[in-house]
Amino acid sequence: MSETGGEASGQVGSVAVCLAAAAVGRVRSVVPIFFGRMAGSLNTDQFDVTQGVELVWRELSGLPRANALRHAVRAHLPQFRHRAAESEVQGAAAVVSALDAIGILTEDCADSQEFLRRSMAAALGVALEFDSQAVPPPAGQPSWMVYELRGQAELFEMLPISTEIVSSELVYSLRMRSGEESMNYRNAMKLLMSGAAG
């Protein structure tokens, strides 16, 4: 069982990174849905910027830091953000928030609390946009904001910020849970872009 803990110079600790990756991973699925459904010049099968989330999970699992891929993700993010921000397609604002979250996750940052706060705030931006567009929330949830806030709170129950060592099993559990919950965001983006929301 591999374990990670502590902080490297210029990088946040693994606990903050795990929590941020799980939060960002929940919302990242809106990105490929959005660009895959857009028509004409905005349709793209180019670089997959959501690899930024996967590279962080791989690093947390013990693989070497993927500097080249990290740089590529960050280099491509501005053009994707611009395309989304300048489009008139429903759901664009949610995608901008998700792209911002991926950008934050792939930054080099020495302040764990600031890194985590910004990551989770960007993820909340996706939920806020869904509520503003009257996208039906997941079953049993009064709103997307409540769903996301509860989800983030559950992450802190699984991995308290005071934890000193994160096991590989917990990293895996967080990654799988994040991936499962991202399906709700994926389905909601499909609904929004179909015009059936609201």
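Here's a quick rundown of the structure.

1. Some words on the overall build of the protein chain
And then number 1: Helix and strand content of the protein chain: eight helices and two strands.
And then number 2: Sequence-ordered secondary structure for the protein chain, helices as α and strands as β, is β-α-α-α-α-α-α-α-β-α.
And then number 3: The long-range fraction of contacts in the protein chain, counting pairs at least 24 apart against all pairs at least 6 apart in sequence, stands at 75%.
And then number 4: In the structure as shown, the protein chain presents an accessible area of about 9200 Å², 52% of it carried by carbon and sulfur atoms.

2. Some points on the environment of V73
And then number 1: On the secondary structure map, V73 appears in helix α4 (residues 67-86).
And then number 2: The buried category is assigned to V73, whose relative accessible area is 0%.
And then number 3: Taking the C-alpha atoms as reference points, V73 and T106, 33 residues apart in sequence, are found 8.0 Å from one another.
And then number 4: Setting aside residues no more than four positions away along its own chain, V73 makes contact with F47, V49, Q51, G52, L55, I102 and T106.

3. A short note on the nonpolar core
And then number 1: V30, V31, V95, F130 and Y185 are the most contacted members of the largest nonpolar core, which has 59 residues in total.
And then number 2: No other element matches helix α1 (residues 14-27), which puts eleven residues into this core.
And then number 3: If we skip the residues at most four places from it in the chain, V31 touches V49, T50, V95, A98, L99 and I102.

What counts, and at which threshold
- Residues numbered from 1 in each chain as written.
- Predicted model: local features only at pLDDT ≥ 70, side-chain atom pairs only at ≥ 80, totals over all residues.
- Heavy atoms only, no water.
- Helix = DSSP H or I, 4+ residues; strand = E, 2+ residues; numbered from the N terminus.
- Contact = heavy atoms within 4.5 Å.
- Areas by Shrake-Rupley, 256 points an atom, 1.4 Å probe, with all protein chains shown as cover.
- Buried < 20%, exposed > 50% of the residue type's maximum accessible area, 1.4 Å probe, protein only.
- Core = buried A, V, L, I, M, F, W, Y, C linked by side-chain atoms within 4.5 Å.

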